[in-house]
Amino acid sequence: MTAPFLSLAQIRNRLILTARWVLREHRPGPDGRCPICRRSGCTVATAARNVIDAAEEVQQRSTATQPATPDRDIPGQTG
């Protein structure tokens, strides 16, 4: 399935899965350095963590919003 046919939740999930895969590949070794980048401060792993944090923040924000109370001045919104 290609991206135009995916829902926003599916795209978000794919981003998270890709970021987790990147974190597994760029996990620091026993010497504290990334096995791929060979650096102690791997920017790729940092970017993957930022993607996961942003995706979780969006999810928390969308589930935390309460439904708006209907405005009694606008017809059709009375509950």
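Residues numbered from 1 in each chain as written. Predicted model: local features only at pLDDT ≥ 70, side-chain atom pairs only at ≥ 80, totals over all residues. Heavy atoms only, no water.

**Focus on the environment of N50**
So the rule is basically this: Put simply, DSSP marks the helices as runs of H or I at least four residues long and the strands as runs of E at least two long, and each gets a number from the N terminus on. Type-normalised accessible area, obtained with a 1.4 Å probe on protein chains alone, sets the label of each residue: buried when under 20%, exposed when over 50%, and partly exposed for intermediate values.
Residue placement: N50 occurs in helix α2 (residues 43-64). Accessibility expressed as a relative area gives 46% for N50, which makes it partly exposed. Placed 31 residues apart in sequence, N50 and A19 show a C-alpha to C-alpha distance of 8.9 Å.

**A closer look at the environment of L17**
Here L17 shows up in helix α1 (residues 8-25). Remark: the alpha-carbon pair of L17 and I52, spanning 35 residues in sequence, is separated by 9.0 Å.

**Things to note about the pattern of salt bridges**
For side chains bearing opposite charge, pairing can occur when the charged atoms are close. In plain terms, the rule: The rule for a salt bridge is simple: a side-chain nitrogen of Lys or Arg has to be within 4 Å of a carboxyl oxygen of Asp or Glu.
By the definition in use, this model includes two salt bridges. D31 is paired through a salt bridge with R33; the nearest N and O atoms lie 3.2 Å apart. Using a relative accessible area of 33% as the deciding quantity, one classes R33 as partly exposed. When the shortest N-O distance is used, the salt bridge between D31 and R38 registers 3.4 Å. Judged by relative accessible area, which is 47%, D31 ranks as partly exposed. Classification of R38 as partly exposed rests on a relative accessible area of 40%.

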